[in-house]
Number of protein chains: 4
Amino acid sequence: MSTRTVKSLLASGALVVSLGVGSASAFERYNSTISEAEVLVAQKNWGDAVVAISQENDTKGFAAAKAAAEGALDGAYGYNLGPVLFKPTLTKSPQTFRTTREGALAYFVGGNPKFPNDTGFALKGWRKVEVQNAAIQLNGATATTLGNVSFTDKDGKVTTVDKSWTFRKDDRGVIRIVQHHSSLPFGN
Amino acid sequence: MSTRTVKSLLASGALVVSLGVGSASAFERYNSTISEAEVLVAQKNWGDAVVAISQENDTKGFAAAKAAAEGALDGAYGYNLGPVLFKPTLTKSPQTFRTTREGALAYFVGGNPKFPNDTGFALKGWRKVEVQNAAIQLNGATATTLGNVSFTDKDGKVTTVDKSWTFRKDDRGVIRIVQHHSSLPFGN
Amino acid sequence: MSTRTVKSLLASGALVVSLGVGSASAFERYNSTISEAEVLVAQKNWGDAVVAISQENDTKGFAAAKAAAEGALDGAYGYNLGPVLFKPTLTKSPQTFRTTREGALAYFVGGNPKFPNDTGFALKGWRKVEVQNAAIQLNGATATTLGNVSFTDKDGKVTTVDKSWTFRKDDRGVIRIVQHHSSLPFGN
Amino acid sequence: MSTRTVKSLLASGALVVSLGVGSASAFERYNSTISEAEVLVAQKNWGDAVVAISQENDTKGFAAAKAAAEGALDGAYGYNLGPVLFKPTLTKSPQTFRTTREGALAYFVGGNPKFPNDTGFALKGWRKVEVQNAAIQLNGATATTLGNVSFTDKDGKVTTVDKSWTFRKDDRGVIRIVQHHSSLPFGN
């Protein structure tokens, strides 16, 4: 391979080579940073989880939906790391912010007398969730996104919200939501 | 100083000592991380800037207010670093997200025919801005906050919004807003 | 408290206040960044561990020293996170770099036939370890230091090395060494 | 767009697709993290700069070599950001650590009476520099490497050192060395 080719490939970011000193696999790696591809997968997983909770609810009932929501929270949010900066779409004062796992679970499936206004956002018959990013920032262990998320229910009705997420890659490489601000469009 | 005292002080985070090997000033420092104190100051500065823009508008007119807004944007936002993930309180599709400086300026002071729905949020006679944090995350060069911000106008009317900010410390040590999601409370 | 006092305290970094919107304890916190105080404690703990291993060896024998070394490695190094970039003072090719826990343990206490040149650095009768930093960089979850470390043995003989460390705060808040380059002074 | 084309673009790093939820070019990006490819290029650039300084010295003399060294320092080190944690291969107490640009320049080209032991490491007729990494850590804005670097001079003599580097991506996207610990192999 010519030097020119190597430089070209390096410039493109397409190739990681050890520059004449052996193969790339010659060294060990540790990567605590989150990539754009990981962010996009995590966003898609979030939407899939909302659909899955709705489907569990519609086919197996509340207990199954709640179990699915707990699994999604434990797998995809960072409540195990610390308070999550979660402002759901449909909450209001004095329970607007759901920095605890219990508060987030109540929002998704309701049924918690401590959060009497929660009716279970993830139980509303969602069948499809689509994410349309406006911009993504990669900041090392964390990445932040801004954009729209559209939810289609079983009757084909679409609800679109404005949403910001910050994802964190934890020590085990799991991507977790540590910030989540969602709101209905102004004027809606 | 006793060992016990040193340990106690260290545990409190209140003291940086060189542990028996000379004075703390014996070494040089480079600190690219943002502190909680810096975050709180940046939040206060943001509120003060909104009040200042309003006051410029009320006492000196639009041109002065616009100049103040430009100064605030250039000093306190990260548009010089890249796209800012800014979802203002009162914007809607197809101009919901203001990832550019021009879009942010239009939101704060209006007067830009490219953003015909913008009437100038910072021109609405604000006299006091208060920040009430629900939670703060410190993530190295960036920090993210979630909470309420209350704006009091010249007639004493208070408007409260839900707000997330991510601040970044740049290479020169300036704290800049790189993410800003603001929304009216659900149901309002 | 006067505004002036608040500003002064904020500038000193000594105080975190909520700037007129309630008490500081009103909000939750998550802090993934490492502080200078945490770095200094981790350095001191490293030196104390070396002394403790030597003392275990001198008073209880090799098995106790090895157990102490294992405890120190598991508590203070980041081998649980990934490869550690460890270049000990006294290793040479082809076993210069100890990116694995096994290689690090062999360096500290010897006795591993896979590392035949290792005689156990931590077994050499150390009684005091002192760190003299030249400079410290705080980079969020990680911090890097450069300076001298001096080891005094039971006969009062002092050995000084040049040392770089990078510490990482893990998800549970434990400070771990993820990079460690140590070398004898040039010409020694 | 064919699947093959998409895969090819993904492999090149040029495209990140939004996984069925719209086109990738629909969103803006900000990336403050350093990649492995950027680290490898920065390492190669460092070696090329050492060779270039030597060649300037051999063909054009000291002044040209010094100018080349200044250009390399300003372009590839982080002295503009803060103190650099630089322990060169051939320095000793009380001038072991070169946290300032002046100290680094003296090491590379000598000729500074404040650093009387410096003879100019980069002036020693180097013709080839090769980097052999043992391990690389990606930590967001910074990345740290450990390995060997081999220098071949005009007579074909090879000198190999143990070397740790930490690189930082600055606000403008420039990759800079902020930590550099180099040492002769133990026993040499």
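Let us look at the structure shown here. What you see is a predicted model, and the numbers here were worked out from it, not measured in a lab. Note that residues are indexed from 1 along each chain, following the sequence as it is written. For this description, chains carry letters from A and ligands carry numbers from 1, given in the order in which they are written. Two thresholds apply to this predicted model, a pLDDT of at least 70 for residue-level local features and 80 or more for giving and counting side-chain atom pairs, whereas whole-chain, interface and lining totals are computed over all residues.

## A look at the overall build of chain A
Secondary structure follows DSSP: runs of H or I at least 4 residues long count as helices, runs of E at least 2 residues long count as strands, and numbering of each begins at the N terminus. Within chain A, the regular secondary structure consists of 4 helices and 6 strands. Ordered by position from the N terminus, the helices and strands of chain A form the series α-β-α-α-β-α-β-β-β-β. Exposure classes come from backbone-placed C-beta atoms, where a residue is buried if 20 or more other C-beta atoms lie within 10 Å of its own, exposed if 12 or fewer do, and partly exposed in between. Each of the 188 residues in chain A was classed as buried or not, and the buried ones make up 45%. Whether two residues are in contact is decided by their C-beta atoms, placed from the backbone, lying within 7 Å. For chain A, long-range pairs separated by at least 24 residues make up 48% of all intrachain contacts whose partners lie at least 6 apart in sequence.

## Re the environment of proline 88 of chain D
Residue and element names in this part refer to chain D. Here proline 88 shows up in the loop between β2 (85-87) and α4 (101-109). Proline 88 sits in the buried class, given 23 other C-beta atoms within 10 Å. Put simply, proline 88 and serine 183 are 95 residues apart on the chain and 7.1 Å apart in space, counted from C-alpha to C-alpha. Every residue in contact with proline 88, bar those within four places of it in the chain, is listed here: Arg98, Tyr107, Phe121 and Ser182.

## Details of the sheet that holds strand β3 (residues 126-139) of chain D
Note on sheets: strands pair through backbone hydrogen bonds, and any given pair is parallel or antiparallel. Here, any two strands with at least 2 DSSP bridges between them count as paired. Here 6 strands make up an open sheet; going across it, the order is β1(A)-β3(D)-β4(D)-β5(D)-β6(D)-β2(D) and the pairing mixed. Each having just a single partner strand, β1 (28-31) of chain A together with β2 of chain D make up the two edges of the open sheet. Ignoring strand direction, the axes of neighbouring strands in this sheet form an average angle of 30°. Where strand β5 (residues 158-169) of chain D meets strand β6 (residues 175-183) of chain D, 8 bridges bridge the pair, whose relative direction is antiparallel. Counted as the bridge partner of phenylalanine 167 of chain D is isoleucine 177 of chain D from β6 of chain D. Where helices are involved, their axes are fitted lines through C-alpha atoms of the stretch in contact, as for all axes, and angles between N-to-C directions lie from 0 to 180°.

## Re the relation of the copies chain C and chain A
Here two copies of a chain appear, and what relates them is a rotation about an axis with a shift along it. By a simple turn and slide, chain C fits onto chain A: the slide is 0.0 Å along the axis, the RMSD is 0.0 Å, and the turn is 180°. The superposition operator between the copies reduces to a two-fold rotation axis. No C-alpha of chain C approaches the rotation axis more nearly than that of aspartate 171 of chain C, which lies at 3.1 Å. Here 100% of the interface residues in chain C have copies in chain A that are interface residues too; the copies meet face to matching face. Residues below a pLDDT of 70 in either copy are left out; the C-alpha atoms of the rest, at least 70 in both, set the least-squares superposition of the copies.

## A word on the pairing of strand β5 (residues 158-169) of chain A
Residue and element names in this part refer to chain A. Here 11 bridges tie strand β4 (residues 142-153) to β5, and the two strands are oriented antiparallel to one another. Within β5, the residue paired with threonine 152 across the bridge is valine 158. As consecutive antiparallel partners, β4 and β5 are separated by 4 residues, and within that stretch glycine 156 has a phi angle of approximately 85°, a positive value. In this structure, the hairpin formed by β5 and strand β6 (residues 175-183) is closed by a connection of 5 residues, where glycine 173 is found at a positive phi of approximately 90°.

## Digging into the packing of helix α3 (residues 62-76) of chain B against helix α4 (residues 101-109) of chain B
All names here are of chain B. The interhelical angle for the contact between α3 and α4, taken along N-to-C directions, is 135°, at an axis separation of 10 Å. With respect to each other, α3 and α4 are oriented oblique. α3 and α4 meet at a crossing whose hand is right-handed. Residues Ala65, Lys66, Ala69, Glu70 and Leu73 of α3 pack against Arg101, Ala104, Leu105, Phe108 and Val109 of α4. Residues were grouped as follows: Ala, Val, Leu, Ile, Met, Phe, Trp, Tyr, Cys and Pro as nonpolar; Asp, Glu, Lys and Arg as charged; and all remaining residues, including Gly, as polar. For the contact of α3 with α4, the per-class residue count stands at 7 nonpolar, no polar and 3 charged. Every angle not falling under 35 degrees, over 145, or within 65 to 115 is termed oblique; those three ranges are roughly parallel, roughly antiparallel and roughly perpendicular. Take the far helix as your reference; a near helix turned counterclockwise from it by less than a right angle gives a left-handed crossing, and one turned clockwise gives a right-handed crossing.

## Observations regarding the packing of helix α2 (residues 36-60) of chain D against helix α3 (residues 62-76) of chain D
Residues and elements named next belong to chain D. For the pair α2 and α3, the least separation of the axes is 7 Å and the interaxial angle reads 165°. Relative to α3, the element α2 lies roughly antiparallel. Like other packed secondary-structure pairs, α2 and α3 cross with a definite hand, here right-handed. Between α2, through Asn45, Trp46, Ala49, Ala52, Ile53, Glu56, Asn57 and Lys60, and α3, the contact on the second element is made entirely by Phe62, Ala64, Ala65, Ala68, Ala69, Ala72 and Ala76.

## Quick look at helix α2 (residues 36-60) of chain B
Residues and elements named next belong to chain B. Expected helix span is given by 1.5 Å per residue-to-residue step, counting one fewer step than there are residues. Taking 1.5 Å as the rise per residue, α2 with 25 residues should run 36 Å; its terminal C-alpha atoms sit 35 Å apart, in good agreement. Among all positions in α2, only Glu36, Val39, Leu40, Ala42, Gln43, Trp46, Ala49, Val50, Ile53, Ser54, Glu56 and Asn57 are buried. The inward-facing, buried residues of α2 contact α3, α4, β3 (126-139), β4 (142-153), β5 (158-169) and β6 (175-183). Count one or two residues on from α2 and you reach glycine 61, which has phi positive near 100°.

## Points about unusual backbone geometry
A cis geometry characterises the amide bond from serine 93 of chain A onward to proline 94 of chain A, with omega recorded as 5°. In this structure, proline 94 of chain A sits in the loop between β2 (85-87) and α4 (101-109).

## Quick notes on the environment of alanine 49 of chain A
All names here are of chain A. Within the fold, alanine 49 resides in helix α2 (residues 36-60). On the basis of neighbour count, alanine 49 is assigned to the buried category, with 20 C-beta atoms found within 10 Å. Taking the C-alpha atoms as reference points, alanine 49 and leucine 73, 24 residues apart in sequence, are found 9.4 Å from one another. Residues within four places of alanine 49 in sequence aside, it is in contact with Ala72 and Ala76.

## Focus: the sheet that holds β4 of chain B
With mixed pairing, 6 strands are arranged side by side in an open sheet as β2(B)-β6(B)-β5(B)-β4(B)-β3(B)-β1(C). Here the strands that pair on one side only, and so sit at the sheet edges, are β2 (85-87) of chain B together with β1 (28-31) of chain C. Averaged over neighbouring strand pairs, the angle between their axes works out to 30° when direction is ignored. Here 3 bridges tie β2 of chain B to β6 of chain B, and the two strands are oriented parallel to one another. Across the sheet, residue phenylalanine 86 of chain B finds its bridge partner in β6 of chain B, namely histidine 180 of chain B. Lying on the sheet, α2 of chain B is in contact with β3, β4, β5 and β6 of chain B; it crosses β3 of chain B at an angle near 155°.

Such coordinate-based values are descriptive only and should not be taken to indicate function.
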